[in-house]
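Here are the chains, one letter per residue:
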Amino acid sequence: MQDVYILGVETSCDETAAAIVRNGREVLSNVVNSQVAIHKQFGGVVPEVASRKHIENIALVADHAFQQAGLHFAQVDAVAVTNMPGLIGALLVGLSFAKAFAYGLNLPLITVNHLHGHIYANFLEHAEIRFPAICLVVSGGHTSLLFMKSADEYDLIGSTRDDAAGEAFDKIARFLGLGFPGGPAIELAARRGKEGLYHLPRVFLNRDDYEFSFSGLKTATMNLWKKLERRPERNADDLAREFQTALVEVLVEKTIRAAIEYGVETVLLAGGVAANQALREKMGEQANKLHLQLYYPSLPLCTDNAAMIAGKAYYNYLKADFAPLNTNAHPSLFSL
Ligand code: KG4
Ligand code: ZN
């Protein structure tokens, strides 16, 4: 079969991204224009600002992706774009761009669920992954455990009842004045902080299922911080350390438990929170003990990017699973 080149476009949140991937595996270019510096001054992503910045940047970012790959527009076989979930205005910019590109060059359009892209990021770098596998998806908006039968076939076995792990990181970072984005800010603070000075609950750890809850941990963290108000030894780094330890412990325990119960030999991590070093290390330690193979994407492919979208779309391409030009974007998920 001839090589298949797919242009991926991703604008679901505050990163304008375009990439070109060959045969669903080889990343020829991966361009990400981050708006973090702009949203930082507001302490969080401002949807309207994100959409406007995507409009300014998307054509430049796509151009850059072609230059980096050394390809002309006419050399791609399809255009893939994130259509859910995300900020609706932001999604619509990428979708409109992809539609125009597809229409102008008479190419098929492929829509990709952002979370499927995050999961797929693992396969861009690890051709050797064996199934079945348990995958922990931890992003800003979702926290779920999946039983995977193949790269694009999976069952949901548990998810969060309230906040997503990334959301908890972001809210606590903001509350403790540690900065934006919250995940990396807490990770940095936790590295400075001392272990074991505070104790926070491991919510749902003792439950016999794969559900998560992070809203209770968030409240307990805030309450403890307020309670310690007059104590001179109160320290945000130490509390960030315990917060991260508590959250990671629950994620690791439940994931490993699922791997044992489902009898798999492979564990995958996906989504922005999977960039967290403490999570990677703790999961690695537990996986090693049980001789499980653990995979996670390298940092540029772990956080939002378009290579994961172009990669996932290769499977749609092979099945001729194309989207019509009147397809729409959706802020929430239909299903994982
Ligand atoms: O997957 P992602 O880039 O966007 C969504 O699809 O939601 O994830 C963003 C989330 C944010 O909540 C961010 O704080 C978190 O991932 N995150 C991290 C780290 N890097 C990003 N959380 C913990 N540790 C990190 N190093
Ligand atoms: Zn994401």
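Refer to the structure presented above.
Quantities reported herein were computed from a predicted structural model and do not represent experimental measurements.

(A) The coordination of the zinc ion (ligand 2), seen in detail. Protein coordination at the zinc ion (ligand 2): the donors are His114 (NE2), His118 (NE2) and Asp304 (OD), at 2.0 to 2.1 Å from the metal. If you list the donors of the zinc ion (ligand 2) from N- to C-terminus, the spacing comes out as H-x3-H-x185-D. Within this pair, whereas His118 is found in helix 4 (residues 114–125), its partner Asp304 is found in the loop between helix 10 (299–302) and helix 11 (307–318), the two being separated by 186 residues in sequence.

(B) Examining the site of ligand 1 more closely. Near ligand 1 there are 17 residues, and of these His118, Gly140, Asp170, Glu187 and Gly272 occur at the shortest range. A distance of 2.7 Å separates a nitrogen atom of ligand 1 from a polar atom in the side chain of Glu187. Relative to its unbound accessible area of 550 Å², ligand 1 is 85% covered by the protein chains. Taken together, the residues of the shell around ligand 1 break down into four nonpolar, ten polar and three charged. Here the shell around ligand 1 spans two domains, since at least three of its residues come from each of domain 1 (5–119 + 302–318) and domain 2 (128–297).

(C) Highlighting helix 2 (residues 47–69). The end-to-end C-alpha distance of helix 2, which contains 23 residues, comes to 30 Å, matching closely the 33 Å that a straight helix rising 1.5 Å per residue would cover. Of all the bends in helix 2, the largest measures some 45° and sits at Asn57. Inspection of helix 2 places Ala50, Ser51, His54, Asn57, Ile58, Val61, Ala62, Ala65, Phe66 and Ala69 among the buried residues, and these make up the whole buried set. Among the structural elements, strand 1 (5–10), strand 2 (15–22), strand 3 (26–34), helix 1 (36–40) and helix 3 (88–105) are those in contact with the buried residues of helix 2. Following helix 2 by one or two positions, Gly70 adopts a phi angle in the positive range, close to 70°.

(D) Quick peek at the sheet that holds strand 5 (residues 109–113). Here we have five strands laid out as an open sheet, ordered 3-2-1-4-5, and mixed in their pairing. At either margin of the open sheet sits one strand with a lone partner, and together these are strand 3 and strand 5. Put simply, the sheet's adjacent strands are angled 20° from each other on average, direction ignored. Pairing of strand 1 with strand 2 involves six bridges; the strand directions are antiparallel. Bridging across to strand 2, Gly8 finds its partner in Ala19. Sitting on the sheet, helix 2 is in contact with strand 1, strand 2 and strand 3, with an inclination near 25° to strand 2. Across the sheet, helix 11 touches strand 1, strand 2, strand 3, strand 4 (78–84) and strand 5, and the angle it forms with strand 1 is around 130°.

(E) Region of interest: the packing of helix 5 (residues 165–175) against helix 7 (residues 215–227). Packing of helix 5 against helix 7 leaves a shortest axis separation of 10 Å and a crossing angle of 15°. Classed by the angle they form, the pair helix 5 and helix 7 counts as roughly parallel. Handedness of the crossing formed by helix 5 with helix 7: right-handed. On the side of helix 5, the interface is formed by Lys171, Ile172 and Phe175, while helix 7 contributes Lys218, Thr221, Met222, Trp225 and Lys226. When its residues are assigned to classes, the contact of helix 5 with helix 7 shows four nonpolar, one polar and three charged.

Criteria and cut-off values
Each chain has its residues counted from 1, following the order in which its sequence is written. In the order they appear in the text, chains get letters beginning with A and ligands get numbers beginning with 1. Local features in a predicted model are, by the rule used here, given only for residues with pLDDT of at least 70; side-chain atom pairs are given and counted only at 80 or more, and totals for whole chains, interfaces and linings are based on all residues. Note that the side-chain values use all heavy atoms of the structure and ignore hydrogens as well as water. Distances up to 2.8 Å from the metal define which N, O and S atoms are donors, and 3.2 Å serves for Na, K and Ca; water is absent from the atom set, so sites may look incomplete. Helix numbering and strand numbering both begin at the N terminus, where a helix is a DSSP run of H or I of at least 4 residues and a strand a DSSP run of E of at least 2. Residues are labelled near a given molecule or strand when at least one of their non-hydrogen atoms is within 4 Å of it. Pairing of N or O atoms within 3.5 Å defines a polar contact, subject to two protein rules: one partner must be a possible hydrogen donor and the other a possible acceptor, and residues neighboring in sequence count only if both atoms are side-chain atoms. With residues, only the protein chains shown are counted as cover, and all accessible areas are computed by Shrake-Rupley using a 1.4 Å probe. Ten residues, namely Ala, Val, Leu, Ile, Met, Phe, Trp, Tyr, Cys and Pro, are considered nonpolar, four, namely Asp, Glu, Lys and Arg, are considered charged, and the remaining ones, Gly among them, are considered polar. Either an automatic procedure or a domain database provided the assignment from which the domain bounds are taken. Working rule for helices: expected span equals 1.5 Å times residues minus one. What is called the bend at a residue is the angle between a pair of axes, fitted to the seven residues leading up to and ending at it and to the seven starting from it. For every residue, the accessible area obtained with a 1.4 Å probe (protein chains only) is divided by the maximum for its type, and the residue is called buried under 20%, exposed over 50%, and partly exposed between those limits. Whether two residues are in contact is decided by their heavy atoms, any of which lying within 4.5 Å being enough. Strand pairing is defined by DSSP finding a minimum of two bridges between the two strands. Axis definition: a line fitted to C-alpha atoms, over the contacting stretch in the case of helices. Angles run 0 to 180 degrees between N-to-C directions. Just so you know how the angles are binned, under 35 degrees is roughly parallel, over 145 roughly antiparallel, 65 to 115 roughly perpendicular, and the rest oblique. Each helix crossing is assigned a hand: it is left-handed if the near helix lies turned anticlockwise from the far helix by less than a right angle, otherwise right-handed if that turn is clockwise.

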